[in-house]
Amino acid sequence: MIYQRLAYVYRFRYTAFMKPIVLLGDSLSRLRDFPPDARSEAGFQLREVQKGNDPADWKPLKTVGPGVREIRIRETAGAFRVIYLATVGDAVVVLHAFQKKTQQTAQRDIDLAATRLKGWKD
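The structure reproduced in this document is the subject of the present report. (Residues numbered from 1 in each chain as written. Predicted model: local features only at pLDDT ≥ 70, side-chain atom pairs only at ≥ 80, totals over all residues. Heavy atoms only, no water.)

Comments concerning the nonpolar core
Working step 1: With 15 residues, the main nonpolar core has L31, F34, I71 and V82 as its most contacted residues.
Working step 2: At the level of elements, α3 (36-50), β3 (68-75), β4 (78-85) and β5 (92-100) are the ones that each hand at least two residues to this core.
Working step 3: Looking at this core, the element that brings in the most residues is α3, giving 4 residues.
Working step 4: Sequence-distant contacts of I71, that is, excluding residues within four places in its chain, are made with Q45, L46, V49, P55, D57, W58, F80, R81, V82 and Y84.
Working step 5: Of all hydrophobic cores here, the second largest spans 12 residues; its members include I83, L95, I110 and A113. (Core = buried A, V, L, I, M, F, W, Y, C linked by side-chain atoms within 4.5 Å. Buried < 20%, exposed > 50% of the residue type's maximum accessible area, 1.4 Å probe, protein only. Helix = DSSP H or I, 4+ residues; strand = E, 2+ residues; numbered from the N terminus. Contact = heavy atoms within 4.5 Å.)

Re the pairing of β5
Working step 1: With 8 of 9 residues buried, β5 lies mostly within the body of the structure.
Working step 2: Of the strand pairs in this sheet, β4 and β5 are connected by 7 bridges, and their pairing is antiparallel. Looking across to β5, one finds that I83 is bridged to H96.
Working step 3: Where β4 folds back onto β5 in an antiparallel hairpin, the turn is made up of 6 residues, including G89, whose phi is positive at roughly 75°. (Pairing = 2+ DSSP bridges.)

Some words on the environment of A56
Working step 1: Within the element layout of this structure, A56 appears in the loop between α3 and β2 (58-60).
Working step 2: You can call A56 exposed: its relative accessible area is 69%.
Working step 3: Residues A56 and E41, spaced 15 residues apart in sequence, show a C-alpha to C-alpha distance of 10.0 Å.

Details of the sheet that holds strand β1 (residues 21-23)
Working step 1: Spatially, 5 strands are ordered β1-β5-β4-β3-β2 in an open sheet, and the strand pairing comes out mixed. The open sheet has two edge strands, β1 and β2, and neither has a second partner. This sheet shows a mean twist of 30° between the axes of neighbouring strands, independent of strand direction.
Working step 2: Both β2 and β3 contribute to a ladder of 3 bridges, which runs antiparallel. The residue of β3 that forms the bridge with W58 is I71. (Axes fitted to C-alpha atoms, helices over the stretch in contact; angles between N-to-C directions.)

Take a look at the structure:
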């Protein structure tokens, strides 16, 4: 009985303050298209962001907008990216998710994230 009570308090204490995730456009279906290992890692890193922590591997994407970041995931299947904003409001906004095919991020992916950010702010 005491273990159940402690588990409940622990769960309530740490999940009550997490930011919700808002997925814009086709971000959810793109995340679901990731290979299992990359999808799992993306979910883990987004959960860290929800808790207010930094992801393990990220960089700012100032070309998309202020406060926008990119989670970088490297797996055997390739490189995957999740572009998000967590500094405005009380939610984590996922702007775009994709597999990176070249060394430099494609301009169309940057433009799509910027368009979604602009649409979300309006």
